[in-house]
Structure formats: structure tokens, C-alpha cells
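What follows is the residue order along each chain.
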Amino acid sequence: MNEFVIRTHNLTKKYHDRAAVNSLNLSIGRGEIYGFLGPNGAGKTTTIRMLLGLIRPTSGKVEIFGKDLQKDRLNILKKVGSLVEYPSYYGHLSAVENLEAIRRILNLPKSRIAEVLDIVSLTKEARRSVKGYSLGMKQRLGIASALLGSPELLILDEPTNGLDPSGIQEIRELIKRMPKEHGITVLVSSHLLSEVELMAGSVGIIAQGRMVFQDTIEHLQHQASSTIEMTVSEPEAAVWIARDSGLTGQLQEGRIHFDGLSNTQVAGLVRRLVENKHDIYRVEEKRKSLEDIFMQIVGTGGSL
Amino acid sequence: MKAFFRVLSAERLKMSKSYLWLIVLASPVLAALIGMLVSSELAEWPLLLGGMSLFHAMLFLPVMTGLFSSFICRYEHTGGGWKSLLALPVSRTAVYLAKFTVVICLLALTQILLLGAILITGRIIHISSPIPWHMLLQSILGGWVACLPLAALQMFASLRWASFAAPLVVNVIFTIPNILITNSATYGPYYPWAQPFLAMMPKGMNGYDFGAFNLPFESLMITVLGGFVLFFASGLVYFNRKEV
Ligand SMILES: Nc1ncnc2c1ncn2[C@@H]1O[C@H](COP(=O)(O)OP(=O)(O)OP(=O)(O)O)[C@@H](O)[C@H]1O
Ligand SMILES: [Mg+2]
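Structure report, in brief. In this text the structure is predicted, and so the values were computed from the model without any measurement.

### Let's talk about the sheet that holds strand S12 (residues 226-232) of chain A
Residue and element names in this part refer to chain A.
In step 1: Read from one edge of the open sheet, four strands run S13-S14-S12-S15, paired in antiparallel fashion. For this open sheet the edge positions go to strand S13 (250-252) and strand S15 (280-287), each flanked by a neighbour on one side alone. On average, each strand axis in the sheet is tilted by 25° relative to the strand beside it, whichever way the strands run.
In step 2: Examined bridge by bridge, S12 and strand S14 (residues 255-259) share five bridges and lie antiparallel to one another. In the strand pairing of S14, Thr 227 is matched with Asp 259.
In step 3: Against the sheet, helix H9 (residues 235-244) contacts S12, S13 and S14, and its axis sits at roughly 25° relative to S14.

Structure representation (C-alpha cells):
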């Protein structure tokens, strides 16, 4: 598993002295679905454009399949399928003709077109001109184009942008099948954690051009600070007792909240409260939702 | 080289479903109409050539050159097409060459159609003298070659500006003063919009012996090729460095 498909080394892109991407170290393992997250303007698209060689980094290096992108661009791109920002298509042509144009460039057998149309379930609509397609269908055509060359790596920039929930669901299911059925590594960017948490194994979170978190989703959940919430018979008195043992709790709607208590601290506090004849109705652990964590990381711009 | 032919074949597919062929047809058809209408005054081959290719060479050909260049870049400018095209495993040079090739092939097609129109009109209005092949071919071929610098320049502009209309408007604005500029023997030969006009008009006939028309065909071609190399190379370098 520790074979990297993408690695960047201090990748930086500056526009007029302002870094849109700043010393980014991305690493994505083979067969992974990697969620690349960040708010608007964080630098996701800029990073992806550098990964595809569409723009030149100001400094730093991109390695894909263990090869230097700058030196081996065309060989690398043979094994990469991509969809950047919005699906591009020739509106006056049908889906089949759109794919045919790409097929000619990639020099593939004609049968590939039917195969990818089938993967994205566009076979029935394939002969209509693309102008009349819904956004979801265009997005699926974009993914079909990306899949045409049987890539080993799929780079999708906000593939669910502008789709309704069922469209999002559809694309998500499609992406989830990629590693399993086709052995493809996927990089998918989004500005919503909720969109990728159900499919991605790893996430990289970028804010203001810097990577602020990069690890598995489980680790992300794990790193979330939790709150202990207590419901007791005499909350005001209980807060004083807690303060006595060096713990600061906030009283909210008759419940006491404590941040980041260890198991021993919880046990000690409960014991003291019981000794002081308090009734303890509930001790609950409240974990922040992933979205809260994401907002927290992105908001502070610093790492957890 | 293989990459070039593969991109060319894709470009051909993209253009095949557009109505560009109507434009290719328009100018030769118009020229034929002019030829028939004023047939009494164009009863000799050089006169017919001059009369039929006047508007074509002075106006339509430069305008078409700009139009084809804009058209060939149009689909990529809308909806992030450059990103998907250039993320494919083909060199930018191959893409540039393929697109330029489509433009100059369309221009060649117009020229061939114009030649056909001249020959047919000549037959219809019963010009009895033998067909002056050398003169006709020099005009048709020379006109095409004289479009190359402008095609390269317009290609550059169309790659540079995402707008479809802007390079076209600029092109028309620069085409209009053609008739004035050809009066100047000093500047005329260097003006890319006037070069097709200078190259196509038959020499010494019909009053085309003023200003820049006095320049020998060979000297004009040398100027044209020099300009072509300059604009073509600049466009190619620009495209290879372009941030997409
Ligand atoms: N060509 C450019 N010139 C100047 N600044 C640019 C250019 N391209 C991008 N930027 C800046 O770089 C930053 C990152 O932009 P980028 O498009 O990569 O963000 P993003 O994460 O993809 O955002 P979004 O979610 O909105 O797509 C932005 O502040 C943007 O203004
Ligand atoms: Mg973006």
C-alpha cells in the first residue's frame, strides 16, 4: 500500500507574489480514494492544474507514478484521466462524437466508447447532441471522457459541483466503484467534507494554499476534541465542586459541559459528586461532527 | 508526427458538424455572381480574374482567415476545453499545428472553389482565348500563401483572447483600410491584411499598377514568408507557455 501514485514536494504557485499554493506536500497511495478538501479559493484547482502540467509550478516538484512530471509529462498523462472544474464538451456533437474526438487523439479501439458510456449509464442518451443534456449528464459524460483511456489515476475537480442530492449520490457511487472494479486511484476535490467522507479513505485539507491536515478519515475523526456533558441534580453546586478539582465546566441549559476530559478526570469528578450527595442522571460524550472539525481546521487555518 | 495526425483527425470531427463550409462557399459564389453580372466588361481572362477576385482578395479572404482562426479555438475557449484537451497526452505543438492546418486547409478550399468559379464563369460568358493557367494559378496559390502570415497572427490572437468576437472585430478593423494601404509602395507589402490582395491581383492590367502592386510577385512572397515565420513562431512559443 505504501506505493505512492502522486507525491508533491513543496509545490508552490505564486501569482503576483501571493502564493495560491504554498509548499504543498501531497501524497496519495495506490488504490486510494483521496478527498482533496478546502473552501473556495483555497488552491485546489491550482494544485490540480499543476498535477496535470497545465501550469508550471513557481517552485517544487510533482511526481506521478514515481516519475517527474516535468520530464515525463506525456508518458504520465497517458495513464491519467481528468476532469477540471467543469466538464468540457462540444455542444453541437453527441456524446458518442465527443468521446470519438478524444478516442482519436488517444488512439484507442472504438469499442472503448460503448464501454465508458455503459460505466456512466449514458448509453441510451448517447446519440443526442450534448447541448440538451442536464448538468448531471454532462458531468457523467465528463467522467466518461476521463475514463476513456483506461487510466490508472483519475483526477476529478469538484465533480459534484452544482448537482442535486441524487446527482451527487450517483457520482459518488460511480467514484466508489473505481478502485474496486477498475483498480483506479482517485483524487477528488470538494469544498464539502460531507461529500467525500462517504467515499474517501484519506483526506487532505487545504486552506489558503497550505495543507493543514492530511491523513485517513478515521484519524480525522479521532483528532476531534470531544466534550463531556453531565446532567446532575444540582448543576450550580456541581460546577463549584468541579472547579475545586481544577476542571472548568460551562453551564448551559442545566447541563454542564467539559472540554477534553481524560477517563481518569471523568471518574474522579463523578466520584466527588457522588460523595457530595449529588444525583448524576447522565454522563455523555459529544463528538463534533466531521463537518464541525473541517470548519474548525479551515477556520483557524492551523493544524489540529 | 503521429500525434499531429491524431489531433488533426479529432479537429476535423469537431469542425465537420459545424456550418463553416457555408462560409467557405460564400465568397466564390459571390465572385461568380459578380463575374456574370458584369460579364460584358470582363471579357478577357485577366479582367475576369481581377474582377472576380477583387472583393474576395481585398475583403473576404482576410475576414475569413480571422473567422476560421477564431472558430478553431472557439470550442476550447468555452467551458474549460483547453484544460481537457491539453491534459491529454499530446504535445501543445501538435495541437497548435493541427489547428493551424485546419485553418489553412479551409482557406485552400476557398481558393480552389474560387478557381472553379472563375473557370466556369469564363466558360459561361464565352471567353474565347486560351486559359492562362500560369496567371490563374499564381493568383490562387499566391493568395493562399499570402494568407499564411495573417492566419498565424489571427491564430495567435484567438489563442490569446478567450473571446470569439474580439479578434474578429479587430481583424475587420484592420481589413477595411486595405485599399488605402495598397496605395503605399512602402508599407503595403508589409501589411498582413493587404498581402492576399497584392498577391491575387493580375499585374499590369485593369489599373493594378499603382503603389504596392508594382512590387514583383517574388519580392512579395519573400516578405510574406518572413512575416509568416515570425508570427507562426511567436504563436507557437506563446501557446507552449500558456497557463491553462
Ligand atoms: N490566473 C490567476 N491569477 C491570479 N490569481 C489566481 C489565478 N488563478 C488562481 N488564482 C488565485 O489562487 C487562489 C486559489 O484558487 P483556486 O481556483 O485554486 O481555488 P479552489 O480551491 O479551486 O477554489 P474553488 O473551490 O472556488 O474552486 C485564489 O485566491 C485565486 O484567486
Ligand atoms: Mg476550484
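### Considerations on helix H10 (residues 217-241) of chain B
All names here are of chain B.
In step 1: Spanning 25 residues, H10 covers 36 Å between terminal C-alpha atoms, matching the ideal 36 Å at 1.5 Å per step.
In step 2: For H10, the complete set of buried residues consists of Phe 217, Leu 220, Met 221, Thr 223, Val 224, Gly 227, Phe 228, Phe 231, Phe 232, Gly 235, Leu 236 and Phe 239.
In step 3: The secondary structure elements touched by the buried residues of H10 are helix H4 (81-86), helix H5 (92-124), helix H6 (133-160) and helix H9 (195-200).

### Side note on the packing of aromatic side chains
In step 1: Scanning all chains against the criterion turns up 14 aromatic pairs over all chains.
In step 2: Here A:Tyr34 and A:Phe36 contribute two aromatic rings whose centre-to-centre distance is 6.5 Å and whose plane-to-plane angle is 40°, an arrangement assigned as tilted.
In step 3: A residue is classified by how much of its surface remains accessible, and A:Tyr34, at 0% relative accessible area, is buried.
In step 4: Classification of A:Phe36 by relative accessible area gives buried; the value is 0%.
In step 5: Judged by centre distance (5.8 Å) and plane angle (90°), the ring pair of A:Tyr90 and B:Tyr75 falls under edge-to-face. Of the two residues, A:Tyr90 sits in the loop between strand S7 (80-83) and helix H3 (95-106) while B:Tyr75 sits in helix H3 (residues 45-77), which places them in two different chains.
In step 6: Residue class for A:Tyr90 comes out buried when judged on its relative accessible area of 10%.

### Looking at the sheet that holds strand S9 (residues 185-190) of chain A
Strands pair in a sheet through their backbones, by hydrogen bonds, and they do so in one of two ways: parallel or antiparallel.
Residues and elements named next belong to chain A.
In step 1: What the six strands build is an open sheet, ordered S7-S8-S9-S4-S10-S11; its pairing is mixed. For this open sheet the edge positions go to S7 and strand S11 (210-216), each flanked by a neighbour on one side alone. Within this sheet the neighbouring strands show an average axis-to-axis angle of 15°, counted without direction.
In step 2: Bridge analysis of S7 against strand S8 (residues 153-157) gives four bridges, and the strand direction is parallel. Note that in S8 the partner of Gly 81 across the bridge is Leu 154.
In step 3: Sheet contacts for helix H6 (residues 165-182): strand S4 (33-37), S8 and S9; angle to S9, the most-contacted strand, approximately 155°.

### Examining a nonpolar patch on the surface
Residues and elements named next belong to chain B.
In step 1: Side chains of Tyr 19, Trp 21, Leu 22, Leu 25, Val 29, Leu 30, Leu 33, Leu 37, Val 38, Leu 109 and Leu 113 sit close together on the surface and give an oily, nonpolar patch of about 1,100 Å² of accessible area.
In step 2: Elements with a minimum of two residues in the nonpolar patch: helix H2 (20-37) and H5.
In step 3: Along the chain, Leu 113 turns up in helix H5.

### Regarding the pattern of salt bridges
In step 1: Overall, the coordinates contain 23 salt bridges over all chains when judged by the stated rule.
In step 2: The partner of A:Arg30 in a salt bridge is A:Glu3, with the nearest N and O atoms 3.1 Å apart. Here A:Arg30 is found in the loop between strand S3 (27-29) and S4, whereas its partner A:Glu3 is found in the segment before strand S1 (4-15), with 27 residues between them in sequence.
In step 3: What makes A:Arg30 partly exposed here is its relative accessible area of 30%.
In step 4: Residue B:Lys99 pairs with B:Glu11 through a salt bridge whose shortest N-O separation is 3.0 Å. Of this pair, B:Lys99 sits in helix H5 while B:Glu11 sits in helix H1 (residues 2-16), and the two are 88 residues apart along the sequence. Like B:Glu11, B:Lys99 is buried.

### Describing the pairing of S1(A)
All names here are of chain A.
In step 1: As judged from the three bridges shared by S1 and S3, these two strands associate in the antiparallel manner. Within S3, the residue paired with Arg 7 across the bridge is Ser 27.
In step 2: The pairing of S1 with strand S5 (residues 59-64) spans five bridges and is classified as antiparallel. Residue pairing for S5: Thr 12 is matched across the bridge by Ser 59.
In step 3: The hairpin formed by S1 and strand S2 (residues 18-24) contains two residues between the paired strands, and His 16 there has a positive phi angle of roughly 45°.

### Overview of the site of ligand 1
Residues and elements named next belong to chain A.
In step 1: In the vicinity of ligand 1, the contacting residues are Tyr 15, Arg 18, Ala 20, Pro 39, Asn 40, Gly 41, Ala 42, Gly 43, Lys 44, Thr 45, Thr 46 and Glu 158.
In step 2: One of the side-chain nitrogen or oxygen atoms of Thr 45 is found 2.6 Å away from an oxygen atom of ligand 1.
In step 3: At a separation of 2.5 Å, an oxygen atom of ligand 1 approaches a polar side-chain atom of Thr 46.
In step 4: The set of elements that each furnish at least two residues to the shell around ligand 1 consists of S2 and helix H1 (44-51).
In step 5: Broken down by element, the residue count for the shell around ligand 1 peaks at three residues, all from H1.
In step 6: Residue classes in the shell around ligand 1 are distributed as four nonpolar, five polar and three charged.

Thresholds applied
Residues numbered from 1 in each chain as written. Chains lettered and ligands numbered in written order. Predicted model: local features only at pLDDT ≥ 70, side-chain atom pairs only at ≥ 80, totals over all residues. Heavy atoms only, no water. Pairing = 2+ DSSP bridges. Helix = DSSP H or I, 4+ residues; strand = E, 2+ residues; numbered from the N terminus. Axes fitted to C-alpha atoms, helices over the stretch in contact; angles between N-to-C directions. Contact = heavy atoms within 4.5 Å. Expected span 1.5 Å × (residues − 1). Buried < 20%, exposed > 50% of the residue type's maximum accessible area, 1.4 Å probe, protein only. Phe/Tyr/Trp six-rings, centres within 6.5 Å; stacked < 30°, edge-to-face > 60°. Patch = residues over 30% accessible without salt bridge, like charges linked within 9 Å, V, L, I, M, F, W, Y side chains within 5 Å. Areas by Shrake-Rupley, 256 points an atom, 1.4 Å probe, with all protein chains shown as cover. Salt bridge = Lys/Arg side-chain N within 4 Å of Asp/Glu carboxyl O. Near = heavy atom within 4 Å. Polar contact = N/O pair within 3.5 Å; in protein donor to acceptor, adjacent residues only side chain to side chain. Nonpolar A, V, L, I, M, F, W, Y, C, P; charged D, E, K, R; others polar.

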